[in-house]
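Commentary on secondary and tertiary structure
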Amino acid sequence: MRYRKRSLKKRICAVQKTAIANGLNNFEMKQFDLICDYNHNDKSEKFNKRLIFVLLILFLLPWILFVLNNFMSARCLVPSNYLIWEATRPLANCAYCENVTKPIVLYNVTRHEFNKYAYSTGPIIVKNAIKSWRATKEFNYKMFKRLYEETGGSYESLDDGCQFLNFKTDLFSLKEVFNMPEERVKNEPGQKPWYVGWGNCHPEILSKVRQYYNVPDFLPSDAEFSGTENIFFGYEIGAVMHLDYISRLMWQGQVSGNKIWSIAPVPECDHVCNGLEFYVEKGDIVFLDTRIWYHSTRIPAGEFSLTVQSEYG
Ligand SMILES: O=C(O)CCC(=O)C(=O)O
Ligand SMILES: [Fe+2]
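What you see is a predicted model, and the numbers here were worked out from it, not measured in a lab.

This brings us to the overall build of the protein chain. Helices and strands together make up the secondary structure of the protein chain, namely 10 helices and 11 strands. Put simply, the protein chain has 313 residues, and 24% of those count as buried.

The next point concerns the pairing of strand β2 (residues 124–127). Bridge count for strand β1 (residues 104–107) against β2 is 4 bridges, and the pairing is parallel. Each bridged residue has a counterpart across the sheet, and for Y107 the counterpart in β2 is K127. One ladder, built from 3 bridges, connects β2 with strand β9 (residues 285–288); its direction is antiparallel. From the neighbouring strand, V126 faces β9, where its bridge partner is I285.

With that out of the way, let us pick up the nonpolar core. Among the nonpolar cores identified, the biggest contains 18 residues, and W194, Y195, V196 and V255 are the most heavily contacted of them. Of all the secondary-structure elements, those providing two or more residues to this core are α7 (141–150), α8 (174–177), β4 (195–200), β5 (229–235) and β11 (304–312). Sequence-distant contacts of V196, that is, excluding residues within four places in its chain, are made with F164, L165, N166, F167, T169, L171, V177, F233 and G234. Among the nonpolar cores identified, the runner-up in size contains 17 residues, and Y245, W251, V280 and L288 belong to it.

Surrounding ligand 1, one finds 12 residues, the nearest of these being F232, A239, T290, T297 and Q309. Those elements giving two or more residues to the shell around ligand 1 turn out to be β6 (249–256), β10 (293–298) and β11. A breakdown of the residues in the shell around ligand 1 according to their chemical character gives 4 nonpolar, 7 polar and 1 charged.

It is worth spelling out the pairing of β4 at this point. Side-chain direction in a regular strand flips from residue to residue, so the side chains alternate between the two faces of the sheet. By the criterion of burial, β4 is predominantly enclosed, with 6 of the 6 residues buried. Side chains Y195, G197 and G199 project from β4 onto one buried face, and the interleaved V196, W198 and N200 project onto a second face that is buried too. Where strand β3 (residues 164–165) lies against β4, 2 bridges are found, and the strand directions are antiparallel. By the bridge assignment, L165 is partnered in β4 with G197. For β4 and β5, the ladder comprises 6 bridges, and the chain directions are antiparallel. Counted as the bridge partner of G199 is N230 from β5.

A few words on the confidence of the model for the protein chain. A residue-level look at the protein chain finds 82% of positions with pLDDT of 70 or above and a mean pLDDT of 87. With pLDDT under 50 throughout, residues 65–75 is counted as low confidence; its partners more than four residues away or in other chains account for 8 contacts.

Our next topic: the sheet that holds β10. Pairing is antiparallel in the open sheet, where 3 strands are placed in the order β8-β7-β10. Because the sheet does not close on itself, it has two edges, and the strands there are β8 (276–280) and β10. With direction set aside, neighbouring strand axes in the sheet form an average angle of 25°. The pairing of strand β7 (residues 259–265) with β8 spans 5 bridges and is classified as antiparallel. Counterpart to S262 in the pairing with β8 is E277.

Turning our eyes to something else, we now look at the sheet that holds β9. Ordered by their spatial adjacency, 8 strands build an open sheet running β1-β2-β9-β6-β11-β5-β4-β3, and the pairing between neighbours is mixed. The sheet is open, and its two borders are formed by β1 and β3, each paired with just one other strand.

Take unusual backbone geometry next. Phi is positive for N108, close to 40°, though the residue is something other than glycine. Considering the arrangement of structural elements, one finds N108 in the loop between β1 and α5 (111–115). Positive phi outside glycine occurs at N128, with the angle close to 50°. As for its position among the elements, N128 is in the loop between β2 and α6 (135–138). Residue classification places N128 among the exposed residues on the basis of 12 C-beta atoms within 10 Å.

Relative to the helices and strands, S296 is located in strand β10. Measuring from C-alpha to C-alpha, the distance between S296 and M241 comes to 4.2 Å, with 55 residues separating the pair along the chain. Not counting residues up to four positions away in its chain, the partners in contact with S296 are G238, A239, V240, M241 and S262.

Among the secondary structure elements, G199 is positioned in strand β4. Residues G199 and T228 lie 29 residues apart in sequence; the distance between their C-alpha atoms is 6.8 Å. Beyond its immediate sequence surroundings of up to four residues, G199 is in contact with C162, Q163, T228 and N230.

Parameters and conventions
Residues numbered from 1 in each chain as written. Chains lettered and ligands numbered in written order. Predicted model: local features only at pLDDT ≥ 70, side-chain atom pairs only at ≥ 80, totals over all residues. Helix = DSSP H or I, 4+ residues; strand = E, 2+ residues; numbered from the N terminus. Buried ≥ 20, exposed ≤ 12 C-beta atoms within 10 Å, placed from the backbone. Pairing = 2+ DSSP bridges. Core = buried A, V, L, I, M, F, W, Y, C linked by C-beta atoms within 7 Å. Contact = placed C-beta atoms within 7 Å. Near = placed C-beta within 6 Å. Nonpolar A, V, L, I, M, F, W, Y, C, P; charged D, E, K, R; others polar. pLDDT = per-residue confidence, 0-100. Axes fitted to C-alpha atoms, helices over the stretch in contact; angles between N-to-C directions.

Rendered as structure tokens:
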């Protein structure tokens, strides 16, 4: 034992001599009086760090999954993963937009007459087509506010498959829209204009809302229709330029106010097609393949626009 101690001392002494020979001074030597810190448990520190990391991931995982789910799984009017979708959509055959310079405008059209146009690739306006809709007299901000406030689970239905679109408005949910101060609801002077759209998915709301309008009766009898419809309402700003991520053609009844539509071909057809603007008046129905025409809207200053929009095809 004593021999081992002596031998260890000799070895430490040799190490010190080498250290001094290599330039370490006395003061620095004192810092190495204990080369290892016996009390410092390196392993347990590493373990603690790992534990904190795992707990942090476990805490954040539900939030990460929630964000990913919302981001990737939307099958909707405007996909939230818009750039990915735009970059991967199939290229269009530009025949769809060649020579389209204005909408086809129809009056008092029958189903038989409409058949010829039903799947046109350009915009169509059927004038004065929603006279019989109760919606033209009874749809307004207050009516939808009441409906959503009175129906249990109404707002939650927008998280489960129906989309809320705020376009350029600083309102991020339908609940916020229905909680705006009265002056802003009416877009009084000095108030920020607002414009939003959303899908009615809640079965009770859907069945009530459908009592106020009819799917246009001149659409082809063999057409398929969407199980939901969207409402767009508000002032001035309208919808930003976008393509829709839907499976059929779009129809939209202009219940209140007027609307200016700007449409543009997809970029790969820019060299053969042009964009155009058209005006839709209260009472009209507009038809457009919003999957291949970029579209944006504006509402004339001072007007409140409300529309019912759905799909056919
Ligand atoms: O009516 C609007 O303002 C926008 C409508 C729209 O984007 C659509 O119908 O696809
Ligand atoms: Fe759209």
